[in-house]
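Descriptive analysis of the structure
Single-letter residue listing:
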Amino acid sequence: GNQTGSQGNQTGSQGNQTGSQGNQTGSQGNQTGSQGDGHSVMLPILSCRASVRRDAIVFTCTARGGSAEATAFRARLYRGRRLVGNRAARLRGRSVRFSLGLGHRRRAGSYTVRLTVDAGGRVAMMTRRVRVR
């Protein structure tokens, strides 16, 4: 219900690759928790940057705000509909870093990175496009 609506807001804020994180603040407000013990879980607000290396796309995210819950991240790298890379990590301090390998069949073109954030059972998704030359 609310989660799908907030994902739409996050995806819409991804129009440009550089400074597109400001619009996510409003979508985070929709994500109030409904846990069994009655407390609400807030997801952190993310600021992510992608850089293309020789054989990998390195994705660095910094988080601010959010509840003091264990936060897990998963980054999936797609070329078209084909899954090329898949990595998972936990938030340590305020930052998380993924290295998504392009594999031995590295090709120039546009790749999609789908980042999933899970904090205390609350899940949100963010999609970015990265150009490899």
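Read on for a plain summary of the structure. Every residue gets a number counted from 1 within its own chain, in the order that chain's sequence is written. Selection of residues for local features in this predicted model requires a pLDDT of at least 70, selection of side-chain atom pairs for listing and counting requires 80 or more, and totals for whole chains, interfaces and linings are taken over all residues. To get the side-chain values, all heavy atoms of the structure are used, and hydrogens and water are removed first.

Comment: elements are numbered from the N terminus, with helices defined as DSSP H or I runs of at least four residues and strands as E runs of at least two. When helices and strands are tallied, the protein chain shows 2 helices and 7 strands. When the elements of the protein chain are put in sequence order from the N terminus, they spell out α-α-β-β-β-β-β-β-β. Only protein chains enter the calculation, and the probe is 1.4 Å; a residue is then buried if its accessible area is under 20% of its type maximum, exposed if over 50%, and partly exposed in between. Classification of the 133 residues of the protein chain by burial places 35% in the buried group. Residue contacts are defined here by distance: any two heavy atoms, one from each residue, within 4.5 Å place the two residues in contact. Looking at the protein chain alone, contacts between residues at least 24 apart form 54% of all its contacts between residues at least 6 apart. Using a 1.4 Å probe, accessible areas were evaluated by the Shrake-Rupley method; residue-level cover was limited to the displayed protein chains. Within the structure as shown, the protein chain displays about 7700 Å² of accessible surface, and the carbon and sulfur contribution to it stands at 44%.

The rule for pairing is simple: two strands pair if DSSP sees at least two bridges between them. Across the sheet, which stays open at both edges, the 4 strands sit in the order E4-E3-E6-E7 with antiparallel pairing between neighbours. Taken across any chain shown, the strands that pair with only one partner, and hence form the sheet edges, are strand E4 (82-90) and strand E7 (122-132). The mean inter-strand angle of the sheet, taken between neighbouring strand axes irrespective of direction, is 15°. Examined bridge by bridge, strand E6 (residues 109-119) and E7 share 11 bridges and lie antiparallel to one another. Across the sheet, residue Tyr-111 finds its bridge partner in E7, namely Val-130. Between the N-to-C directions of two axes lies an angle of 0 to 180 degrees, each axis being a line fitted to C-alpha atoms and, for a helix, fitted only over the stretch in contact.

This next bit is on the state of the cysteines. When two cysteine sulfur atoms are found within 2.5 Å, that pair is recorded as a disulfide. Enumeration over the complete set of coordinates arrives at 1 disulfide. For Cys-48, the disulfide goes to Cys-61, at an S-S distance of 2.3 Å. Negative torsions about the S-S bond denote left-handed disulfides, and the value of about 110° found for Cys-48 with Cys-61 makes this one right-handed. Of the two residues, Cys-48 sits in strand E1 (residues 45-52) while Cys-61 sits in strand E2 (residues 56-64), which places them 13 residues apart along the sequence.

Before going further, it helps to spend a moment on the nonpolar core. Residues Phe-98 and Leu-115 are the most contacted members of the largest nonpolar core, which totals 24 residues. Among the secondary structure elements, those contributing two or more residues to this core are E1, E2, strand E3 (71-79), strand E5 (95-101), E6 and E7. Among the elements that line this core, the one with the most residues is E6, at 5 residues. Not counting chain neighbours up to four residues away, the residues in contact with Phe-98 comprise Ile-57, Val-58, Phe-59, Phe-73, Arg-74, Ala-75, Arg-87, Ala-88, Ala-89 and Leu-115. Side-chain atoms within 4.5 Å link the members of a nonpolar core, which is a set of buried Ala, Val, Leu, Ile, Met, Phe, Trp, Tyr and Cys residues.

A few words now on the environment of Tyr-111. The topology assignment puts Tyr-111 in strand E6. Judged by relative accessible area, which is 1%, Tyr-111 ranks as buried. Tyr-111 sits 19 residues away from Val-130 along the chain, and the two C-alpha atoms are 5.2 Å apart. Dropping the residues within four chain positions of it, Tyr-111 is found in contact with Ile-57, Leu-77, Tyr-78, Arg-79, Val-84, Leu-102, Arg-128, Arg-129, Val-130 and Val-132. For Tyr-111, the side chain forms a polar contact with the main-chain oxygen of Arg-107, separated by 2.8 Å. Any pair of nitrogen or oxygen atoms within 3.5 Å is treated as a polar contact; in protein, a donor-acceptor pairing is required on top of that, and neighbouring residues in sequence qualify only through side-chain atoms on both sides.

Glancing now at the pairing of E6. Here E3 runs beside E6; their pairing, made up of 8 bridges, is antiparallel. Each residue of the ladder has a partner; that of Arg-74, found in E6, is Thr-116. Counting the residues between successive antiparallel strands, the hairpin from E6 to E7 contains 2 residues, one of them, Gly-120, with a positive phi of roughly 60°.

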